[in-house]
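# Examining the three-dimensional arrangement
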Amino acid sequence: MPDKPVQLDPHWLEISDPELDPATLTAEIEQRITNRRAEKGLPISQFPTFDPVLCPQKPVDIAYEPNLYHHLQLVNRIYHQFETEPLMVAAPTTRIPVLSYVWGLIRHHAHALVLFYVNRTVRHQTIVNRNLVNVLNLLTTANEEQQRQIIALQAELDALRQQSEK
Amino acid sequence: MTRLVLHQFTEAASVGDATTDQVFLIRQWLRKMGFHSEIYAEHCAEALEKEVRPAHSYRGSANEPYLIYHHATGATIVERLVALGIPLILIYHNVTPPEFFAGSDPLLVRLMHKGRAQLDQLRPLTTLALGASHYSEQELQARDFTRTGVLPIVLNPALYDIPPNETLLAECRRNGPTLLFVGRIAPNKRQEDLLKLLYYYRRINPGARLILVGSAHFQDYREWLEQLAIELELSEALTITGHVSHQDMVTYFRGADLYVSMSEHEGFGKPLIESMYLGLPVIAYAAAAVPLTMGNAGILFHQKNYEALAEVIDILSQQNDLRQRIIARQRGRVHLFLEPTVQQEWQTILLALGFNLG
């Protein structure tokens, strides 16, 4: 059961009505939350988010595999970078006035059509990439934490061994 | 006497889009005032092809002092307008910050960057830059546009005073309390946060539902939302309608119990005023243009505390006096955005530009 009353930021709610007082409403909400938690327990407070998970930085307190961070930072930087513009190099086809214009127009439309379909695939691939990169970022962070715990436990074990050897 | 000419340009004309609706309404006003006025677009929905001319077919005439251009994204039409060199009345509907699409849609990121950069390209040609909200006007001023103003998104009452889809309305009302959000399914609209709120609200009211109305152009985000709904065991309580007819959209407004917005970027937020007009209380996250559109109406929140928001929703569903008071203030506020008011503002703008409206 929750042990302390809920306190909301006094300015979290805004009601521009002279006859309604946000502070009174906030107090009522705080009381309701306290009662609700007492009745139903604490709700979950962490949800997945669509935003990309940030790439972890190289740790300064533990040893690490340099390649892991090198590749991780690189993939974080490039996984969503795709060329999405048509690349129209000069065509040596013709310099005939009208024909070259028409030919240019056809090329432009053909490029745009191809890009339309390519971009759909690129968008899908970017989503797959993002999810994989997010997982790698999270796993790397979790790995760091576990590494720190192992070091702490190792130190504790060494201390206990030393004690028992005395 | 020479007839006044004032044509409008937009990158794309599509059905159910706030910018396109505004373009059509302005054309109607201009024609009523005696102008010769057409709409030109680079891309046009099939249903609008009879009303909208292809941008490449535009031929200027001598008695055209200005062109009107509606800017909302990175647009190929800008190159055309710059090449024409005719002074512009720029109507800026705001460009979504590209960061919202970073890592998910490279094409959109590029388009949004381009849309912002194009403001600098348009500035030397622009005689008057109008934001669709004060928020957008502030952005124009920050980009060194000197002569600026506001022409808000307008709500035409005739389009909303229509009979609902009775079958759909009955379906809406048959189920538990319904939270509604209208807007395309996109990361900047933060529909994911609405799901999180629903999760909390269903701890209080297990029959509650969430309806998300709007096109799902951003298919990957929709799939992500559906996955989140499965994880939170909310699939049965969530409806994603996709694009709906105007009548059905109005019906959802009429059938819902509360309009909730978690959106983190709105250039104006037309569904907010649609809710106000149709008598649906609004509770909205105070981001971007939302506080300026809401003004002194509805309920705004500055922190996404789902647990607290769920209690606010429950209070609103239980305390009818509070609910009615909020609805009444919203009805007062929405008058600023109704057609007669905005049309008057438009006339004032044209007079200030030197048009002789007789």
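A brief report on the enclosed structure follows. (Residues numbered from 1 in each chain as written. Chains lettered and ligands numbered in written order. Predicted model: local features only at pLDDT ≥ 70, side-chain atom pairs only at ≥ 80, totals over all residues. Heavy atoms only, no water.)

## What to know about the packing of aromatic side chains
The description of an aromatic ring pair rests on the distance of the ring centres and on the angle between the ring planes. Note the cut-off: Think of it this way: a Phe, Tyr or Trp ring, Trp meaning its six-membered ring, pairs with another when their centres are within 6.5 Å, and the plane angle makes it stacked under 30 degrees, edge-to-face over 60, tilted otherwise. Note on criteria: charge over ring means Lys NZ or Arg CZ within 6 Å of the ring centre, with the direction from the centre no more than 35 degrees off the ring normal.
One pass over the structure, following the stated rule, counts 23 aromatic pairs over all chains. Three or more aromatic residues joined by ring pairs form one cluster here, namely Phe50 of chain A together with Phe101, Phe218, Tyr221 and Trp224 of chain B. Over the face of the ring belonging to Phe50 of chain A we find Arg130 of chain A, whose NZ or CZ atom lies 3.9 Å from the ring centre. Above the ring of Tyr285 of chain B, the side-chain terminus of Lys304 of chain B is found at 4.6 Å from the ring centroid.

## So, the packing of helix H2 (residues 66-78) of chain A against helix H3 (residues 97-165) of chain A
Residues and elements named next belong to chain A. Put simply, the rule is: Here an angle of 0 to 180 degrees is reported between the N-to-C directions of two axes, which are lines fitted to C-alpha atoms, with helices fitted over the stretch in contact. In this description a helix means any DSSP run of H or I spanning at least four residues, a strand means any run of E spanning at least two, and both kinds are numbered starting from the N terminus. Throughout this description, any angle smaller than 35 degrees is read as roughly parallel, any larger than 145 degrees as roughly antiparallel, any in the 65 to 115 degree range as roughly perpendicular, and the remainder as oblique. Here a crossing is taken to be left-handed if its near helix is turned anticlockwise relative to the far helix by less than a right angle, and right-handed if that turn runs clockwise. Here, two residues are considered to be in contact whenever any of their heavy atoms come within 4.5 Å of each other. Gly is put with the polar residues, along with every residue not named as nonpolar or charged; the nonpolar set is Ala, Val, Leu, Ile, Met, Phe, Trp, Tyr, Cys and Pro, and the charged set is Asp, Glu, Lys and Arg.
Where H2 contacts H3, the two axes come as close as 10 Å, and the packing angle between them is 150°. Classed by the angle they form, the pair H2 and H3 counts as roughly antiparallel. The way H2 lies across H3 gives a crossing that is left-handed. Residue-level contacts link Leu68, Tyr69, Leu72, Val75 and Asn76 of H2 to Val133, Leu136, Asn137, Thr140 and Glu144 of H3. Here the residues of the contact of H2 with H3 are counted per class, giving six nonpolar, three polar and one charged.

## Considering empty space enclosed by the protein
What counts is decided by this rule: Buried and open spaces are told apart on a 1 Å grid over the protein atoms alone, a cavity being a set of points where a 1.4 Å probe fits but cannot get out and a pocket being an open set with protein on both sides within 12 Å along at least five of seven lines. Residues with an atom within 4 Å of a point are the lining residues. Grid points are joined across faces, edges and corners, and a volume is the space filled by probe spheres set on the points.
Counted under the stated rule, the structure contains three cavities of 30 Å³ or more. At the level of elements, helix H1 (22-40) of chain A together with helix H6 (191-204) and helix H11 (306-318) of chain B are the ones that each hand at least two residues to the lining of the largest cavity. Here the lining of the largest cavity is composed, by residue class, of four nonpolar, no polar and four charged. If you go around the second largest cavity, the residues you meet are Ile15, Ser16, Asp17 and Leu20 of chain A together with Asn296, Ala297, Gly298, Arg325, Ile326 and Arg329 of chain B.

## A word on the layout of surface pockets
Reported here for the second largest pocket is a volume of approximately 230 Å³. In terms of lining, the second largest pocket is formed by 14 residues, of which the most central are Pro48, Thr49, Asn131 and Asn134 of chain A together with Trp224 of chain B. Secondary structure elements with two or more residues in the lining of the second largest pocket: H3 of chain A together with helix H7 (219-231) of chain B. In the lining of the second largest pocket, the residues fall into seven nonpolar, four polar and three charged.

## What about the pairing of strand E12 (residues 282-285) of chain B?
A regular strand places its side chains so that they alternate between the two faces of the sheet. Residue and element names in this part refer to chain B. Rules: The classification of residues rests on relative accessible area computed with a 1.4 Å probe and restricted to protein chains. Under 20% of the type maximum is buried, over 50% is exposed, and intermediate values are partly exposed. Pairs of strands are assigned from DSSP output, requiring at least two bridges between the strands. When the strands point away from the viewer, a crossover counts as right-handed if the path from the first strand over the helix to the second runs clockwise.
Here E12 shows a buried face lined by Val282 and Ala284 and a second buried face lined by Ile283 and Tyr285. Summarising the sheet, strand E11 (residues 258-261) and E12 pair through three bridges and their orientation is parallel. Counterpart to Ser261 in the pairing with E12 is Ala284. As a crossover connection, the stretch from E11 through helix H9 (residues 270-277) into E12 is right-handed. Sheet topology note: the E12/strand E13 (residues 299-301) ladder contains three bridges and is parallel. Across the sheet, the residue bridging to Tyr285 is Phe301, located in E13.

## Here we look at the pattern of salt bridges
All names here are of chain B. Let me state the cut-off plainly: Every case where a carboxyl oxygen of Asp or Glu lies within 4 Å of a side-chain nitrogen of Lys or Arg is listed as a salt bridge.
Under the defined criterion, the tally for this structure stands at 32 salt bridges over all chains. A salt bridge links Arg27 to Glu51; its shortest N-O distance comes to 2.5 Å. In this pair, Arg27 is assigned in helix H1 (residues 18-32) and Glu51 in the loop between strand E2 (39-44) and strand E3 (52-54), connecting sequence segments 24 residues apart. Residue classification places Arg27 among the buried positions, given a relative accessible area of 8%. Since its relative accessible area comes to 35%, Glu51 is described here as partly exposed.

## Remarks on the sheet that holds E2 of chain B
Residue and element names in this part refer to chain B. Within the open sheet, the seven strands sit side by side as E3-E2-E1-E4-E5-E6-E7. Their pairing is parallel. Every other strand in the sheet has two partners, leaving E3 and strand E7 (148-150) as the edge strands with one partner each. Here the average twist between neighbouring strands, direction ignored, is 30°. Where strand E5 (residues 88-92) lies against strand E6 (residues 126-131), five bridges are found, and the strand directions are parallel. Bridge pairing in E6 places Leu88 opposite Thr126. Each of strand E1 (7-13), E2, strand E4 (67-71) and E5 touches helix H2 (residues 77-84); the most contacted strand, E4, lies at about 155° to it. In the packing of helix H4 (residues 134-142) onto the sheet, contacts are made with E5, E6 and E7, and the angle to E7 comes to roughly 170°.

## Quick notes on the sheet that holds E11 of chain B
With mixed pairing, the seven strands of this open sheet are ordered in space as E1(A)-E13(B)-E12(B)-E11(B)-E8(B)-E9(B)-E10(B). Unpaired on one side and paired on the other, strand E1 (13-14) of chain A together with strand E10 (238-242) of chain B mark the two borders of the sheet. Pairing of strand E8 (residues 178-182) of chain B with E11 of chain B involves two bridges; the strand directions are parallel. Paired with Leu180 of chain B across the two strands is Tyr259 of chain B, which belongs to E11 of chain B.

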